[in-house]
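If you want the building blocks of each chain, they are given just below.
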Amino acid sequence: MSDHQEQMSISGFGSSSSLLQGRRFYCREWALDKLRHCLDARSVPGQPPGLLVMGGPGAGKSALCTEVVWPTSKAGLAAGLAARCLASHFCQREDQRSTVLWRFVLGLVEQLRASPLLSPGYKEILNSPSVSSALEPLTCQKDPDDTFKRLARGQQLFVFGAPVRESGRG
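Cut-offs and rules
Residues numbered from 1 in each chain as written. Predicted model: local features only at pLDDT ≥ 70, side-chain atom pairs only at ≥ 80, totals over all residues. Heavy atoms only, no water. Helix = DSSP H or I, 4+ residues; strand = E, 2+ residues; numbered from the N terminus. Buried < 20%, exposed > 50% of the residue type's maximum accessible area, 1.4 Å probe, protein only. Contact = heavy atoms within 4.5 Å. Arc of directions from axis to C-beta. Salt bridge = Lys/Arg side-chain N within 4 Å of Asp/Glu carboxyl O. Disulfide = S-S within 2.5 Å. Axes fitted to C-alpha atoms, helices over the stretch in contact; angles between N-to-C directions. Left-handed = near helix turned anticlockwise from the far one by under 90°. Expected span 1.5 Å × (residues − 1). Parallel < 35°, antiparallel > 145°, perpendicular 65-115°, else oblique. Nonpolar A, V, L, I, M, F, W, Y, C, P; charged D, E, K, R; others polar. pLDDT = per-residue confidence, 0-100.

Quick look at the overall build of the chain
Part 1: Within the chain, the regular secondary structure consists of nine helices and zero strands.
Part 2: The order of α-helices and β-strands along the chain, N terminus first, is α-α-α-α-α-α-α-α-α.
Part 3: Per-residue burial over the chain gives 42% buried out of 170 residues.
Part 4: Counting only contacts in the chain whose residues sit at least 6 apart along the sequence, the fraction spanning at least 24 positions is 70%.

Concerning helix α9 (residues 144-152)
The periodicity of an α-helix, 3.6 residues per turn, causes residues three or four places apart in sequence to face the same way.
Part 1: Listed in full, the buried residues belonging to α9 are P144, T147, L151 and A152. Buried positions in α9, seen along its axis, are confined to an arc of 120 degrees and lie on one side of it.
Part 2: Along its buried surface, α9 packs onto α5 (101-114), α6 (120-127) and α8 (137-142).

Quick word on the pattern of salt bridges
Part 1: Counted under the stated rule, the structure contains five salt bridges.
Part 2: D95 is the partner of R97 in a salt bridge, and the nearest nitrogen-oxygen pair spans 3.3 Å.
Part 3: Each of the salt bridges in this network shares a partner with another, and the network as a whole consists of D33, R36, D40 and R84.

Considerations on the state of the cysteines
Part 1: As enumerated under the stated definition, the model contains zero disulfides in all.
Part 2: You can see C65 has no disulfide; the closest cysteine sulfur is in C85, sitting 8.5 Å from it.
Part 3: Since its relative accessible area comes to 1%, C65 is described here as buried.
Part 4: When its relative accessible area of 1% is taken as the criterion, C85 is described as buried.

Focus: the packing of helix α2 (residues 29-41) against helix α3 (residues 61-69)
Part 1: Interhelical geometry of α2 versus α3 gives an angle of 65 degrees and a closest axis separation of 10 Å. As α2 runs across α3, the sense of the crossing is right-handed. Residues A31, L32 and L35 of α2 form the contact with α3, whose own contacting residues are L64, E67 and V68.

Overview of α5
Part 1: The end-to-end C-alpha distance of α5 is 20 Å, a good match for the 20 Å that 14 residues give at a rise of 1.5 Å each.
Part 2: Buried within α5 are the following residues: W102, R103, F104, V105, L106, G107, L108, V109, E110, Q111 and L112.

Re the packing of α5 against α9
Part 1: Following both chains from N to C, one finds α5 and α9 inclined at 20 degrees, their axes separated by 9 Å at the closest point. For the element pair α5 / α9, the angle class is roughly parallel. The way α5 lies across α9 gives a crossing that is left-handed. From α5, L101, W102, F104, V105, L108, V109 and L112 reach across to α9, where they touch P144, D145, T147, F148 and L151.
Part 2: Tallied by class, the residues present in the contact of α5 with α9 amount to ten nonpolar, one polar and one charged.

A word on the environment of Q21
Part 1: With respect to the helices, strands and loops of the structure, Q21 is situated in the loop between α1 (3-9) and α2.
Part 2: Judged by relative accessible area, which is 29%, Q21 ranks as partly exposed.
Part 3: Taking the C-alpha atoms as reference points, Q21 and A63, 42 residues apart in sequence, are found 8.4 Å from one another.

What about the confidence of the model for the chain?
Part 1: When pLDDT is averaged along the chain, the result is 77; 78% of the residues meet or exceed 70.
Part 2: Considering each helix and strand of the chain separately, the mean pLDDT is smallest for α1, with a value of 46, and largest for α8, with 93.
Part 3: Counting interchain partners and residues more than four positions distant, the pLDDT-below-50 stretch residues 154-170 has 69 contacts.

Put into structure tokens, the structure is as follows:
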């Protein structure tokens, strides 16, 4: 497991681990190929591609995204998507903290700080006074939307996760 993947699994603010982590992944290899194909087809220099994974309860969103972030199958390892993942967040009904917006935002920040995929310039943005002040837990609790907007300002961040890994522009 890479340092970045390790950071993704131990986030202090968000629930970045999955209850399915390490479990066998089967019968959905086609979905990994489709994800990789979509990401490859949308690759444009300077514009990171992103996805929104949707489906009803039990459709396999969490299983698919767990396999993307922490692959265990041959197909998951071959797809190579874990190395392309900026951040992840897994909501778990057993852990209400995982559904709290400000925890999600600050967990995302922790992962982005550790991501080798973002330019050093992005880390400078995170440390700038206008953004770093919004990253204080109490400030983020008061206005997580503003914190997220500052986090994504000037960047075209796409983040995908489970059960629905969010994808959007800031």
